Amino acid sequence: MEMSARLRGLCAVAGMVVACAAAAQAGAQAPAPAPAATQRQANAALVADIAARLTRVGAIRADFTQTQTLAAMKQPLVSTGSMLFDRASGVVWRIDTPYKATYVITDGGMREVGADGRLVAAGGSGRGVAQVSRMMRDMLGGDLSALYAQFDVDATGTRERWRMTLRPNQPQLAQAIRVLEMSGGAYLGALSMTFANGNVTKLEFARATPVDAPAPAERAWLGAR
């Protein structure tokens, strides 16, 4: 039971950024959009303002609730925990329920913190996981430029309370992702990913708090090669 829960949890962490991986793959295959496509993005000024606010974040801690609704399962998979996002080095993702585990996500990929505090492989291909890691950090930190080439972006609300909807504009990407939805204020508050197969992954963040720097152990994990 414990191993099954851990496998589901690892899949949940990966599921959080599968949409980003698909975007990265589509971006590698698709040509750059024409200028007219960029001009059609709704509320471009608001989108730019939102991104500018999010990119001011250096390091932040927040609690999260992640809910995966899978077409093949009757009950959603729910996990809770906390995260550290550090723009310079990566993400430390701590799951508290339904079991305890810590994952470290950097440009080099995703690894798990073992019982002895050392990093061990968390599965997944190196190149693919590295792409996912970079895209996830971009989304958490508001660096959305990498996504504009693959999505039509619509923004509503104000800079204090906003919502963005991203719909694929590339055929390859549309085969995997139906829509991404992001909302928040000074920080990203929620991220919802609806996949073409009907699966939905939703992340809700709470009690976001800026921090000066990662703790010593976190700094060591994020800097490990």
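For the protein chain, an unreviewed UniProt entry supplies the name Outer membrane lipoprotein carrier protein LolA and the organism Burkholderia cepacia.

**A word on the pattern of salt bridges**
Counted by the stated rule, this structure contains 7 salt bridges. Asp49 serves as the salt-bridge partner of Arg159, at 2.9 Å between the closest nitrogen and oxygen. Here the residue Arg159 occupies a position in the loop between β7 (151-157) and β8 (162-168), and Asp49 occupies one in helix α4 (residues 44-54), the gap between them amounting to 110 residues. Since its relative accessible area comes to 24%, Asp49 is described here as partly exposed. When the shortest N-O distance is used, the salt bridge between Arg207 and Asp63 registers 2.8 Å.

**Structural notes on the packing of aromatic side chains**
The full count for this structure, using the stated rule, is 2 aromatic pairs. Residues Phe64 and Trp93 carry aromatic rings whose centres are separated by 4.0 Å and whose planes lie at 20° to one another, so their mutual orientation is stacked. Taken together, the positions of Phe64 in strand β1 (residues 59-69) and Trp93 in strand β3 (residues 90-97) put the pair 29 residues apart, joining distant regions of the chain. The same class applies to Phe64 and to Trp93, which are both buried. Taking the centre distance of 6.5 Å and the plane angle of 90° together, the rings of Trp93 and Phe205 count as edge-to-face. With Trp93 in strand β3 and Phe205 in strand β11 (residues 200-210), the pair connects residues that are 112 residues apart, well separated along the chain. Note on accessibility: Trp93 and Phe205 belong to one class, buried. In this structure an aromatic cluster arises from ring pairing among Phe64, Trp93 and Phe205.

**Observations concerning the environment of Val113**
Structurally, Val113 is set in strand β5 (residues 109-113). According to the relative accessible area criterion, Val113 is buried, its value standing at 14%. Each C-alpha atom, one on Val113 and one on Ala101, is 7.3 Å from the other, the two residues being 12 residues apart in sequence. Not counting residues up to four positions away in its chain, the partners in contact with Val113 are Thr102, Val104, Arg118, Leu119 and Trp221.

**Some details on the nonpolar core**
Counting 34 residues, the largest nonpolar core has Trp93, Met164 and Phe205 as the members making the most contacts within it. Listed in part, the 6 residues of the second largest apolar core include Leu84, Val104, Val113 and Trp221.

**Quick notes on the confidence of the model for the protein chain**
Summing up the model confidence of the protein chain, the mean pLDDT is 76 and the portion of residues at 70 or higher is 69%. In this model residues 1-5 is a low-confidence stretch, pLDDT under 50, and it forms 2 contacts with partners more than four residues away in sequence or in other chains. Between residues 14-42, whose pLDDT stays under 50, and residues either more than four places distant or in other chains, the model counts 50 contacts.

**Structural notes on the side chain of Ser79**
As for its position among the elements, Ser79 is in strand β2 (residues 77-86). Judged by relative accessible area, Ser79 falls into the buried class, the value being 7%. Leave out the neighbours within four places in its chain, and Ser79 touches Phe64, Thr65, Gln66, Ile95, Thr97 and Pro98.

**Things to note about the sheet that holds strand β6 (residues 119-121)**
Working definition: the strands of a sheet are paired by backbone hydrogen bonds and lie parallel or antiparallel to each other. Pairing within the open sheet is antiparallel, and its 11 strands lie in the order β6-β5-β4-β3-β2-β1-β11-β10-β9-β8-β7. On the outer flanks of this sheet lie β6 and β7, each paired with one strand and no other. When strand polarity is set aside, the average angle formed by the axes of neighbouring strands in this sheet is 25°. Summarising the sheet, strand β10 (residues 188-195) and β11 pair through 5 bridges and their orientation is antiparallel. Bridging from a neighbouring strand, Ser192 pairs with Lys202 of β11. Packed on one face of the sheet, α4 meets β7, β8 and β10 and runs near 85° to β7.

**Some thoughts on the pairing of β1**
Pairing of β1 with β2, which is carried by 10 bridges, proceeds in the antiparallel orientation. Along β2, the bridge assignment pairs Thr65 with Thr80.

**Re the environment of Tyr187**
Turning to its location among the elements, Tyr187 is positioned in the loop between β9 (177-184) and β10. According to the relative accessible area criterion, Tyr187 is partly exposed, its value standing at 27%. Along the sequence, Tyr187 and Ala206 sit 19 residues apart, while their C-alpha atoms lie 9.8 Å from each other. The residues touching Tyr187, leaving out its near neighbours within four places in the chain, are Leu54, Val57, Ile60, Trp162, Ala208 and Pro210.

Cut-offs used in this document
- Residues numbered from 1 in each chain as written.
- Predicted model: local features only at pLDDT ≥ 70, side-chain atom pairs only at ≥ 80, totals over all residues.
- Heavy atoms only, no water.
- Salt bridge = Lys/Arg side-chain N within 4 Å of Asp/Glu carboxyl O.
- Helix = DSSP H or I, 4+ residues; strand = E, 2+ residues; numbered from the N terminus.
- Buried < 20%, exposed > 50% of the residue type's maximum accessible area, 1.4 Å probe, protein only.
- Phe/Tyr/Trp six-rings, centres within 6.5 Å; stacked < 30°, edge-to-face > 60°.
- Contact = heavy atoms within 4.5 Å.
- Core = buried A, V, L, I, M, F, W, Y, C linked by side-chain atoms within 4.5 Å.
- pLDDT = per-residue confidence, 0-100.
- Pairing = 2+ DSSP bridges.
- Axes fitted to C-alpha atoms, helices over the stretch in contact; angles between N-to-C directions.

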